[in-house]
Structure formats: C-alpha cells, structure tokens
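Below are the chains, spelled out letter by letter.
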Amino acid sequence: MATSEIVHAHAAPQGFIRKYIFSLDHKVIGIQYFFLALTAVWVGMILSLLMRIHMIWPDANLPFVGHIQPETYLSILTMHGTIMVFFVLTTAPQGGFGNYFLPIQIGAPDMAFPVLNMLSFWTTFVAFVVILAAFFVTGGAPLHGWTGYPPLSAMQSTGPGEGLGADLWITSIAIFCAASLMGALNFITTTLDLRAKGMSMFRMPLTVWSWFITAILGLLAFGVLLSAGILLLMDRNLGTSFYVPLVVVNGQIMGHKGGSPLLWQHLFWFFGHPEVYIAILPGMGVASQLLSTFSRKPIFGYKAMVYAMLAIGFLGFMVWGHHMFMSGMSPYSAFAFSILTMGIGVPSAIKTFNWLGTIWGGRVRFHSPMLFAVGFVSLFVSGGLSGPFLAQPTLDIPLHDTAFVVGHFHLIMGVAAIFGIFAATYYWVPKMFGRMMNETLGRIHFWFTLIGTYAIFMPMHYLGMAGQPRRYSQFTEVAYLQHLIPLNRFITYCAIITIAAQLVFVINLFWTIFKGPKASDNPWEATTLEWTTATPPPHDNFGGHTPVVHNGPYEYGVPGAARDYIMQNEPATSPNPAH
Amino acid sequence: MGLALLAVIWLITFVSTYFFIWHPWWLPTAASAAAAGIDRQFTFTYIVMGVVFVLAQCSLGLFVWKYRDRGSATPASYSHGNTTMEIAWTILTAVLFVGLNLMGRPIWAAERFQPAGDGALPVEVTGMQFAWYFRYAGPDGKFGLTNPKLMDPSAGSEAAIGLDTSDPAAKDDVVTGTMVLPVNRQVDLTLRAVDVIHSFFVPNMRFKQDAVPGLAIKMHFTPTQIGDYEIACAELCGLGHYKMHGMVKVVSPEDFDKWLAAREAEKQ
C-alpha cells in the first residue's frame, strides 16, 4: 500500500485538453461524470414531464413536441427509464462522487488505473450520445420500456421505434455496460490496493464501503446484461432466436423459432435487481456519512452497517425472480424468490434503525446536506415498506405492473437515490469547487423537493391498489380508470411544481461554482481524509505526501478530546481505535 | 429547522396514512373465490407496514427535533452502537418479514400449485396486438387445432387465432371477443399470446397472468358475482397497450348455456 503512489502518481498535465477533456485525474473525471449525469437528469426529467402532461391531457398540443401520440408516449417512457437508471442513478453517485472521493477518502493519489478511468468516462459519454441519437432516427426511440422485453423488443414489426431506434438503444446499453465494467474493476482494485497506511478496511468511511460494494455488484451484473444485450442484437439483426419463439405479428409469421421470452427476463433481472442496489447503496453510504457528521456522533453500529451492505449486495443477486411472479415462471420458484426478497428487508431495516440510532442523542446541525440526508432516510423508509407487499407473489396478483410498483421504485431507487445525490452535492461541492453553496436556496430546494416528490409518488400507491396499470399512455379506454383521473391530474400538477423547483438547485450550483463564497478546508468539521487536504485538492490529492491514518472515520464527540471531532489522520489516540 | 422537519415529516406521514385508512382508492370490488384470501393478506400486510411506517417516520421527525444542536457546550453522547440492540432488531424484522411471507403462502399455493378441478369450464385466452380472444371447446369438450399460417387478425374471432376448420375438433369451437362465464363455476384457463407478451389482468377477479408467446399457461379462477368486469392488459405490448381492453361477463349457468348454444347455432 505504502509504495503505491510511486507507481500511480502522474505529473500534473499541461494544456487544456489533457487537463479538462482527456484528463487522467480522477477528480476531473468525477466532475465530468457529474455533469454528464446532470445533463442526463434534465433530459430524463423533461421526458417525465411530457409523460405526465400527456396522461391527463392526451390531446394537448405542446410547444416543440406538438401532439404526443400513444407510441411517442411509450418512446418517451422508454428513454426516461433508460436514461434515469443508467446515466443518472448509476453515473452520478458512483462515477461522479465515487470517482472524485474514493481515492481521497482512502488516502490515494489517484485511481489504480487512470487511463482506464478516462476510458470508462468517455465510453459512457459515447453511450449517452448513442442513446440520444435514437430520438432522431426514422421511427424514433423504441417503445418497449426500459426493461425491453422481447418479443416486443426483438423485431422491427412490433411497433414504431422498434427499428433503428431499438438497435441504438440496445447498443447504447451494451457500451454503457463495457464502461461500467471498466469502472468497477478500477474501484475494486483501488480500494483493495491503494489504501494509505493505517487505513484498514474497517477504518474506511461507509461511503467507501458503499462504492466498493457497488463496484462488486457492477462487475457481476453488467457482464450479464452485456451478454443478454448482444443476444438481443443478434435476434434483431442476425436471425437468431434466443428470445423469440414462433410468433405471428399482425398476421405475418416471423422467421423465429424455439426461443424463450422468459430467458431475457431472467438475464435482464439478474442484472436489473442488483442495479437497484447499485443506484441506492452509494446513497446509503452518503446518508451514513452525513448523519454521523451533522449529528456530531459516531455512526451507530459501524460494523453492522458494513455487514448489512454486504448482505444486501449478496442477497441482491438472488432475488431477481420477484420481478417475474406473473411471468409464467414456475410458481414454486416464486415462493423461493419471495422468501429471499423478504430476507433483504432485514439488512435494510438494520440500516434504518442504525440511522435513527445515530441521530439519537446527537446534536443535529441542519445544513442543506443534512436536510437531504434526513430526507433520504424518510424516503428510504417509505419506499422500502411497499417492498414487502410486492415481494409476496400473492399480492403481486393485484399489484404487479400497476402504478403501485411505479410509486414503490420511484420512492426508493428514484427519489431516495436522488436525495443521496443531492446530499452529496451540497456536502462535497465546497471541496470540489472551493465554494460554499447558498443555504437559503438549498433549503427552498429541499422543502419543495421533499414535499413535491411525496405528493407525486405516494398517491401512485393508491392508484395501483385501484388497479391502474403501468405504461398506459391515457386512461380513456378503460371505464374503471375514469374515477382515478382527478388523482392523476393532482400528480401532474405536483410534478410540474417539483420539476420547476429543480431550477433553484441548478441556479444555486452554477452560482456557487462561479460566485459562491470561498470554502475553508473543512467547513463541516468532518473527520475523513478529503477534509484534511486543500480545497480544492491538489493534483496528487495531498500535495506531495501520503496521509497516515490513525483513527476510525466517525470520531465525533470523543470524551476528553480538545474539540468535538478527531480527524482520521490525527495521531491522538482514540478511546476506541478499532473503529 | 428541527421543528419544521418534525412538522413536515409528521404531516406527510399523517396525510399519507389518512388516505390509506379512509381509502377512497382501494382494491376494486371483489368478484372471485380467491379474492377474500388475497384481500385479507393484503389488508394484514397493509396494517403491519402502516404501523412500521408511522413509527419509523414519527421517530425520525422526533429525533431530529429533539436532538437538534442547541448550541450548548456539552458534546453529543459518544457511542458506537449496541450489539444487543442490533441482534434484537435483526431477529424482530426477520421474524416479521418471513412470517408475512409464510402467511401468504397457502393462498399462492391454492392459486398456482393446484391445477383446475373437475368440472371446470375450459376457456382458452389468446392475446394479440391489441385484442383478447376467448375460445370455448364446444359440445365435444376438445379444442381444435390452430395454425399460425391461417391467422388473420383483421378478420377477427376464429380467423384471428388461426382456427384450422379442417380439424373435426375445431368445428364446434366458439371464439369470441368477450369472455362469458357462468357464475360459481371454476374456469380452466389456457393463456396464449401470438405476437408479444400480454398480461391478462381482471382486477375484480384478483387475477393476473402474463400470456407469453410459445407458452400455453394453465390457470384457474372462480367468478362468484354476476356482472360485467373489465380486462386491462398489464404488460407493455406496443402502441395500443392502453386500449387492449376486454370484458368478462359473468352470468347465471342457464344464461351461459343459452348464450353458448346461440353461438354454436350461429356457426352452423
């Protein structure tokens, strides 16, 4: 470990292109990922706005997009899901903040493989360009949803957008998988090999643990999706039949035989379920970090938190079948998947109890990052508790593929994960850009977003109980959906307000980057290594030396200490050095 | 700020809970034999999760307010946790979640492990973009052959599912666009799809099952109330997904026999 900086440190680059475009510096790459995700989230959010508007005013003539057809609605839905899951929820917390802060938090000068790191960002960028291109080709973007179930996704004639648009969609995902595999390898190697002296695994901040476990999940999950995607591309273009049996589309017999539509679902969800943990684990890490810092207390049950994340990651690979209770899969395996899924609720509950235990007896400081961390816990609870409904095959009979599912996963892997990203942004922007974000704007943003997202997604549970299916572009054709239209209208109004409130965040962010008041090296009085170095950190992170770690990551309120926190590199012995 | 957080988190909790308890939006009226068990399991899960939801959110709101920084010099309590508590809540949640799962198991088993009983009415359901067709075997009790080469969706009914009229067993098969069922008799379903995946969702029957190309999925349910019930497709199947709609018409056994006889007569 101690010798690693000799191998990995590289000289500070000269020239604009090497410094800001094709940079090898993990900090620059982290910022690049962050802005890629910021761009993507606006695309995804505008798409969701169009969907909400179309659902309740299906005949509206909108500026720029005109009159949205049902098939356009489905294209928008597909792109919203794909862009949000891959280019926002996977990219921002891991690629963005993970890239920037994992090396610094473990006391490393850079990632283990800087060139691979640069490649993985630019590969992700290419994937993003390719998926956006799907909007502009003949037939437009695919309409098969982000899950892309064949046969719908496997043949051109199943609908508009299933031509070149669908090829670009699956190509983009395949490229993204390759990029994520590169990133995952880098994160794992860096965590294992580049820790500074004294940074034992159990002294790593929980953020580092969360990025590390997320990287392991990514390594095991994205490879499967990549293979599945290549098979789908072959079915589409080379006449193979992995996923398509003999089918008759619109009276025409297609040239496929013997394939299994369920094979895709197994492969997709083998990736897809770990993917939700890829999206949420970094948020858990950030929430833990911030709750401890702003409560001025050590995290409650550090090791339990680590084991809970490991358990979630491990079990996360064995529960994919709970997406398939209604698919025609064996009802016996449904029961096995169900009990494993209920099992994953246990480590999730442990984490929640420990977050509450961290606040208990603390001295809570309400800076914007903390507000979002508390919001994260609240949303994690709300989104998590609808899980045990959907994990029971019996209850999937009424609830599967209804708005209940949409409400569930948006609260937990959508909004809770986004709150993790917001918390991380408010917390780390001072370190990344050297300037403090505006507290008042941060608070306005927080209140609108917390109340707004609850107002959007909580009612979706009611809609789902009443039987409103997912992915309906309008509710005009089914009589029992009529009485749900007022509630849908309410959700749309809330969505418009909440999305508008996100402008406050963007204004705050850019104002801060250019004009914000200068940040000190450790504005939050936090303990982890990124706060021991200059703001923003120098090219090699620690200005020519490697930190030596003496303490655990959450030494707040230590009795007898000079102040209420002891930084990780302070030689003063902690009363509990194991942590 | 602590008080504001407490107020808003509690408010969100109570407003959400209010609508869950008052439930102006709830499961649709139940009209099948399985519904009672499913609804009971749903309600039980609902109460348990509701209690946990209120307790967790209220504690969160209370703690952030109660333990807000009041500017006093005494530091926060220094504690790294409590192993006994960790073990206690691990066991508690494990028992709760696994218990819920085991409670629901008999209902699932009755619905999906057992085949349809004797005397069930065989009906074949076929989904295609964007319509449902229902086939009754007729007096011979046997479904005739279908042939993909003969499928003509624009012609509807028998031609849509490619019924092979040269097969003697197919002669008396009745294919309709509305599912007519006798009340209180089990339906022995075979679900098929010809093009993409569809999902046969009848909310009032608490019935949902995907229809998958290449598979013939056997299912059953028993309607218990006379009336008209809507079918909504619950698996994204293309641009007409939102209008892939159908009806289940549950009638008395006599009316059902009359209806089927009339359809047989039309065929001759």
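Keep in mind the model is a prediction, meaning the values are calculated, not measured. (Residues numbered from 1 in each chain as written. Chains lettered and ligands numbered in written order. Predicted model: local features only at pLDDT ≥ 70, side-chain atom pairs only at ≥ 80, totals over all residues.)

The helix and strand tally for chain B stands at five helices and ten strands. Here the C-alpha radius of gyration of chain B, 26 Å, is well above what a compact globule of 268 residues would show, namely 18 Å. In terms of overall dimensions, chain B has a C-alpha envelope of 95 × 40 × 35 Å along the principal axes. With 268 residues in all, chain B has 41% of them scored as buried. A separation of at least 24 residues holds for 70% of the contacts in chain B among residues at least 6 apart in sequence. (Helix = DSSP H or I, 4+ residues; strand = E, 2+ residues; numbered from the N terminus. Rg over C-alpha atoms; globule rule 2.2 N^0.38 Å. Buried ≥ 20, exposed ≤ 12 C-beta atoms within 10 Å, placed from the backbone. Contact = placed C-beta atoms within 7 Å.)

As a further point, take the overall build of chain A. Across its full length, chain A holds 16 helices and four strands. On C-alpha atoms alone, chain A measures out to a radius of gyration of 24 Å, which is about the 25 Å that the 2.2 N^0.38 rule sets for 579 residues. Principal axes of the C-alpha set define a box for chain A whose edges measure 80 × 50 × 45 Å. Put simply, chain A has 579 residues, and 63% of those count as buried. Counted over contacts in chain A with a minimum sequence separation of 6, partners at least 24 positions apart contribute 81%.

Residue and element names in this part refer to chain A. Tracing the backbone through its elements, the reader meets W524 in the segment after helix 16 (485-515). Residues W524 and T293, spaced 231 residues apart in sequence, show a C-alpha to C-alpha distance of 7.6 Å. Not counting residues within four places of it along the chain, the set of residues in contact with W524 comprises T293 and Y427.

A few words on the domain arrangement of chain B. Interfaces are often described in size by the accessible area the parts lose on coming together. Residues and elements named next belong to chain B. Domain boundaries assigned for chain B yield domain 1 (2-68 + 83-112) and domain 2 (121-267). Every contact between the two is made by nine residues of domain 1 and, on the other side, 13 residues of domain 2. Partitioned by chemical class, the residues of the side of domain 1 that touches domain 2 number seven nonpolar, two polar and no charged. (Domains from an automatic or database assignment. Nonpolar A, V, L, I, M, F, W, Y, C, P; charged D, E, K, R; others polar.)

Taken together, the contact pairs 98 residues of chain A with 86 residues of chain B. When residues in the side of chain A that touches chain B are grouped by element, the largest group, 14 residues, is from helix 10 (residues 331-359) of chain A. By residue class, the composition of the side of chain A that touches chain B is 61 nonpolar, 28 polar and nine charged.

Let us look at the packing of helix 4 (residues 70-105) of chain A against helix 6 (residues 164-193) of chain A. Residues and elements named next belong to chain A. Running from N to C, helix 4 and helix 6 cross one another at 20°; their axes reach a closest spacing of 11 Å. Taken together, the axes of helix 4 and helix 6 are roughly parallel relative to one another. Considering the relative orientation of helix 4 and helix 6, their crossing is left-handed. Contact with helix 4, carried on its side by T82, F86, T90, G95, G98, L102 and P103, involves W169, I173, F176, S180, G183, F187, T190 and T191 of helix 6 and no other residues of that element. Here the contact of helix 4 with helix 6 is composed, by residue class, of seven nonpolar, eight polar and no charged. (Axes fitted to C-alpha atoms, helices over the stretch in contact; angles between N-to-C directions. Parallel < 35°, antiparallel > 145°, perpendicular 65-115°, else oblique. Left-handed = near helix turned anticlockwise from the far one by under 90°.)

A few words on the sheet that holds strand 4 (residues 179-182) of chain B. Residues and elements named next belong to chain B. Pairing is mixed across the open sheet formed by five strands, whose spatial order is 4-10-9-6-7. Two strands close off the open sheet at either side, each with one partner strand: strand 4 and strand 7 (207-211). Recorded for the sheet is a direction-independent mean angle of 25° between the axes of neighbouring strands. Relative to strand 10 (residues 245-251), strand 4 runs parallel, the two being bridged by four bridges. The partner of V180 across the bridge, within strand 10, is K249. Across the sheet, helix 5 (residues 253-267) touches strand 4 and strand 10, and the angle it forms with strand 4 is around 135°. (Pairing = 2+ DSSP bridges.)

This part is about the sheet that holds strand 1 (residues 121-128) of chain B. Across a sheet, paired strands are connected by hydrogen bonds in the backbone, their directions being either parallel or antiparallel. Residues and elements named next belong to chain B. If you walk across this open sheet you meet the five strands as 3-2-1-5-8, and the pairing is mixed. Every other strand in the sheet has two partners, leaving strand 3 (174-176) and strand 8 (217-221) as the edge strands with one partner each. The sheet shows a mean angle of 25° between the axes of neighbouring strands, taken without regard to direction. Pairing analysis gives seven bridges linking strand 1 to strand 5 (residues 187-193), with the strands arranged parallel. Following the sheet pairing, V123 is matched in strand 5 by L189. In this fold helix 5 packs onto strand 2 (131-136) and strand 3, with an angle of close to 105° to the strand it touches most, strand 3.

A word on helix 16 of chain A. Residue and element names in this part refer to chain A. In this model helix 16 runs 45 Å from its N-terminal to its C-terminal C-alpha over 31 residues, within 8% of the 45 Å that 1.5 Å per residue would give. Within the span of helix 16, buried status applies to I491, C494, A495, T498, F505, N508, L509 and T512. Of the surrounding secondary structure, the elements contacted by the buried residues of helix 16 are helix 3 (26-56), helix 14 (403-433) and helix 15 (439-465). (Expected span 1.5 Å × (residues − 1).)

Moving residue by residue along a regular strand, the side chains alternate between the two faces of the sheet. All names here are of chain B. For strand 7, a buried count of five out of five residues is recorded, marking the element as mostly surrounded by other parts of the structure. Alternating residues of strand 7 divide into F207, Q209 and A211 and K208 and D210, and every residue in both groups is buried. Of the pairings in the sheet, the one linking strand 6 (residues 198-202) to strand 7 comprises five bridges and is antiparallel in character. Paired with S199 across the strands is D210, a residue of strand 7. Counted along the chain from strand 6 to the antiparallel partner strand 7, the turn is four residues long, and its residue R206 has a positive phi close to 50°.

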